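In case you want the letters, here they are:
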Amino acid sequence: MKEQHDIPASKLWTRDFVLLTVSNLFLYLNLQMITPSLPAYVTEQFGAGQWTVSLVISLFALAAIVTRFFAGAWLKRGRTTLILLLGLTVYMLATASYYAAGTLALFLLIRILYGIGFGVSSTAFGTMVSDIIPIRRMGEGMGYFGLSTSLSMSVAPVIGLWLLGSYGFSTLILVSTLLAILIIPLSLLIRSTPSASKPAAAPSLAAAPDTRGTYRRVALPCFLNMLLSITYGGLISYLALFGKEVHIGNVGWFFLCNAGAVLLVRPVAGKIFDKKGHFAVLPPGALMVAVGLVLLSYTSGMTGLLASALCYGIGYGILQPSLQAWTVKQVSPEMRGTANGTFYNSIDLGIALGSLLLGGIASGTSYSTMYLLSALAMLLFLAIYVSGTLVKGKPQAPALRK
């Protein structure tokens, strides 16, 4: 094994970084292939109504959110690889168990176990990668690592819905289970040791980690990320129904175009974040997301759909890695598990809230109106960001948090 002091302080593309990024891609591909297919499957298989469908989605999110509070504490104590493997094993077994879900009660139990496995695994991956990215390249590194999440969130729904429609739920679960199985050997190759580019924190800080202080420091970027995720919850839950409303046949092209925009902008946004800080990327990113949603609300054809996807993808690709890098840089190394758990919780909570709140708006108006109103979440994003940074100033990561 290569000693840590042999790794250049500025090196980003290490073997472990690539393994973590690919593993995270498979993790989210599994999740995002299954999630948008569940409403149709549960309705057909169990005769579920709208409330039950919401419960199926919400139980997973609740289980993941609760689990991450414990996962952050577990990771802080060490034995990261063991914790990761336990989480991945639960995640893989829960995925495969969808085959055996003959009753709605068993299906809901599997959703809880699935959320627990995902909560542990996603928190571990985020913490491990933040430990090996050089601190001065945190924005760039999180940008590249975050491509695995954004790419899966863009293309996996298309793949999952295609598998469900063409080959059935069993084939979808088989492919998803194989993806989960592949993550385990990849994870065994990862050396879960922090990079030498991050000097250890002072003993007094390491000996008395401040959990409450951590939550306070990361509250602003995580809350902003929740607002962003609310808009994505509206997309992943209702875009297909919106397509029927405005007579657009294949709305899956939205996700593919969105993925292309994210791929192009993330690395550039990360470098700008590293050089100039979050104030240089968050306002333009929020505006682009808002423009994308407004365009979508007025869309009646494929051209408008792709234009809105491009704007939304640019904004999303700018915002999410920058918010995660900002979150990580606010805490000391031993608290990164807690910080990453909080960040990922903000995604799950935002998606769940977006699905519930925006669905309520759509039921009383239309899906077009719903997307127009969802743009208000980004105006709130800007208002809170500006007021928060005016009160606190431009936060900088203290030297001890390297």
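The preceding data block contains the structure.
Scope of this entry: the structure provided in the associated data block. (Residues numbered from 1 in each chain as written. Predicted model: local features only at pLDDT ≥ 70, side-chain atom pairs only at ≥ 80, totals over all residues. Heavy atoms only, no water.)

Quick word on a nonpolar patch on the surface
Reasoning step 1: Together, Leu62, Val66, Phe69, Phe70, Trp74 and Tyr215 make up an exposed nonpolar region whose accessible area comes to about 580 Å².
Reasoning step 2: If one sorts the elements of the nonpolar patch by residue count, helix α3 (residues 50-76) sits on top with five residues.
Reasoning step 3: The topology assignment puts Trp74 in helix α3. (Patch = residues over 30% accessible without salt bridge, like charges linked within 9 Å, V, L, I, M, F, W, Y side chains within 5 Å. Areas by Shrake-Rupley, 256 points an atom, 1.4 Å probe, with all protein chains shown as cover. Salt bridge = Lys/Arg side-chain N within 4 Å of Asp/Glu carboxyl O. Helix = DSSP H or I, 4+ residues; strand = E, 2+ residues; numbered from the N terminus.)

Details of the environment of Gly119
Reasoning step 1: If you trace the backbone, Gly119 turns up in helix α5 (residues 104-132).
Reasoning step 2: Given a relative accessible area of 0%, Gly119 falls into the buried group.
Reasoning step 3: Taking the C-alpha atoms as reference points, Gly119 and Ala61, separated by 58 residues in sequence, lie 8.9 Å from one another. (Buried < 20%, exposed > 50% of the residue type's maximum accessible area, 1.4 Å probe, protein only.)

Describing the packing of aromatic side chains
Reasoning step 1: Under the defined criterion, the tally for this structure stands at 25 aromatic pairs.
Reasoning step 2: Here Tyr41 and Phe107 contribute two aromatic rings whose centre-to-centre distance is 6.1 Å and whose plane-to-plane angle is 35°, an arrangement assigned as tilted. One end of the pair, Tyr41, is in helix α2 (residues 38-46); the other, Phe107, is in helix α5, with 66 residues separating them in the sequence. The pair Tyr41 / Phe107 is uniform in exposure class, with both members buried.
Reasoning step 3: Following the ring pairs from residue to residue traces out a cluster consisting of Tyr28, Tyr41, Phe46, Phe60, Tyr91, Tyr98, Phe107, Tyr114, Phe118 and Phe169. (Phe/Tyr/Trp six-rings, centres within 6.5 Å; stacked < 30°, edge-to-face > 60°.)

Some points on the pattern of salt bridges
Once their charged atoms are close, side chains differing in charge can pair, the charge on each being opposite to the other.
Reasoning step 1: All told, the structure shown has three salt bridges when counted by the stated rule.
Reasoning step 2: The salt bridge involving Asp16 is made with Arg15; its shortest N-O contact spans 3.9 Å.
Reasoning step 3: For the salt bridge of Asp348 with Arg68, the shortest nitrogen-to-oxygen distance reads 2.6 Å. Separated by 280 residues along the polypeptide, Asp348 in helix α13 (residues 336-364) and Arg68 in helix α3 bring together distant segments of the chain.
Reasoning step 4: Note on Asp348: relative accessible area 9%, which makes it buried.

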